[in-house]
Amino acid sequence: KGLTIRISGFLCFAAIYDLACLIYIYLFIANTREGDGTQWMLATFWWLLQDGLFKPLALAAILGNVSSLALYFFPDIEREVEEKWCQAPLPKPA
């Protein structure tokens, strides 16, 4: 129950903070010329797209490839992970 209250409080705080940031940004853009405001909005959109989509996807692809290569070249790693985290080691295909 205590954890649920803390999570709810955190989510409320995060929502209020996000709203305050949006209001600040919109008030700033409202005090600029139309062309400048449009450029700011586009720059913000592209920044969010890069940081929220492109970079995480690239990082996931790189880490996925590196871990796959590590498992391919060092098969002992797979056995160590199975022994540590799996309840019973998976049988090796013949």
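As a reminder, the structure under discussion sits directly above these lines.
Residues numbered from 1 in each chain as written. Predicted model: local features only at pLDDT ≥ 70, side-chain atom pairs only at ≥ 80, totals over all residues. Heavy atoms only, no water.

Caption draft 1: Quick look at the packing of aromatic side chains. Counting across every chain of the model gives 2 aromatic pairs. With a centroid separation of 5.4 Å and 65 degrees between ring planes, the pair formed by Phe-45 and Trp-46 is classed as edge-to-face. Relative to Phe-73, the ring of Tyr-72 lies with its centre 5.1 Å away and its plane at 80 degrees, an arrangement referred to as edge-to-face. Residue classification places Tyr-72 among the exposed positions, given a relative accessible area of 64%. (Phe/Tyr/Trp six-rings, centres within 6.5 Å; stacked < 30°, edge-to-face > 60°. Buried < 20%, exposed > 50% of the residue type's maximum accessible area, 1.4 Å probe, protein only.)

Caption draft 2: Up close: the environment of Pro-56. Summarising the element assignment, Pro-56 is placed in helix H2 (residues 34-73). For Pro-56, a relative accessible area of 39% gives the class partly exposed. With residues up to four places along the chain from it excluded, the contact list for Pro-56 reads Gln-50 and Asp-51. (Helix = DSSP H or I, 4+ residues; strand = E, 2+ residues; numbered from the N terminus. Contact = heavy atoms within 4.5 Å.)

Caption draft 3: Highlighting the state of the cysteines. Applying the stated criterion across every chain, the model contains 0 disulfides. Counting only cysteine sulfurs, Cys-12 is the nearest neighbor of Cys-21, a cysteine outside any disulfide, at a range of 16 Å. For Cys-21, a relative accessible area of 28% translates into the label partly exposed. (Disulfide = S-S within 2.5 Å.)

Caption draft 4: The packing of helix H1 (residues 2-30) against H2, seen in detail. Packing of H1 against H2 leaves a shortest axis separation of 9 Å and a crossing angle of 150 degrees. Considering their axes alone, H1 and H2 lie roughly antiparallel with respect to each other. Together, Tyr-26, Phe-28 and Ile-29 of H1 and Gly-37, Trp-40 and Met-41 of H2 make up the contact between the two elements. Residues of the contact of H1 with H2, tallied by class, amount to 5 nonpolar, 1 polar and no charged. (Axes fitted to C-alpha atoms, helices over the stretch in contact; angles between N-to-C directions. Parallel < 35°, antiparallel > 145°, perpendicular 65-115°, else oblique. Nonpolar A, V, L, I, M, F, W, Y, C, P; charged D, E, K, R; others polar.)

Caption draft 5: Main features of H2. Given a rise of 1.5 Å per residue, 40 residues ought to cover 58 Å, and the 57 Å separating the end C-alpha atoms of H2 matches this to within 8%. Gln-50 marks the point of greatest bend in H2, at about 35 degrees. (Expected span 1.5 Å × (residues − 1). Bend = angle between axes of the 7 residues up to and from the residue.)

Caption draft 6: Spatial organisation of the pattern of salt bridges. Summed over all chains, the structure comprises 3 salt bridges. Between Lys-55 and Asp-51 there is a salt bridge, with the nearest N and O atoms lying 3.0 Å from each other. Of this pair, Lys-55 and Asp-51 both sit in helix H2, separated by 4 residues, roughly a single helical turn. Asp-51 gets classed as partly exposed once you look at its relative accessible area, which sits at 32%. Across the pair Asp-76 and Arg-79 runs a salt bridge whose closest N-O atoms are separated by 2.4 Å. Residue Asp-76 and its partner Arg-79 are located together in helix H3 (residues 76-85), separated by 3 residues, close to a single helical turn. (Salt bridge = Lys/Arg side-chain N within 4 Å of Asp/Glu carboxyl O.)

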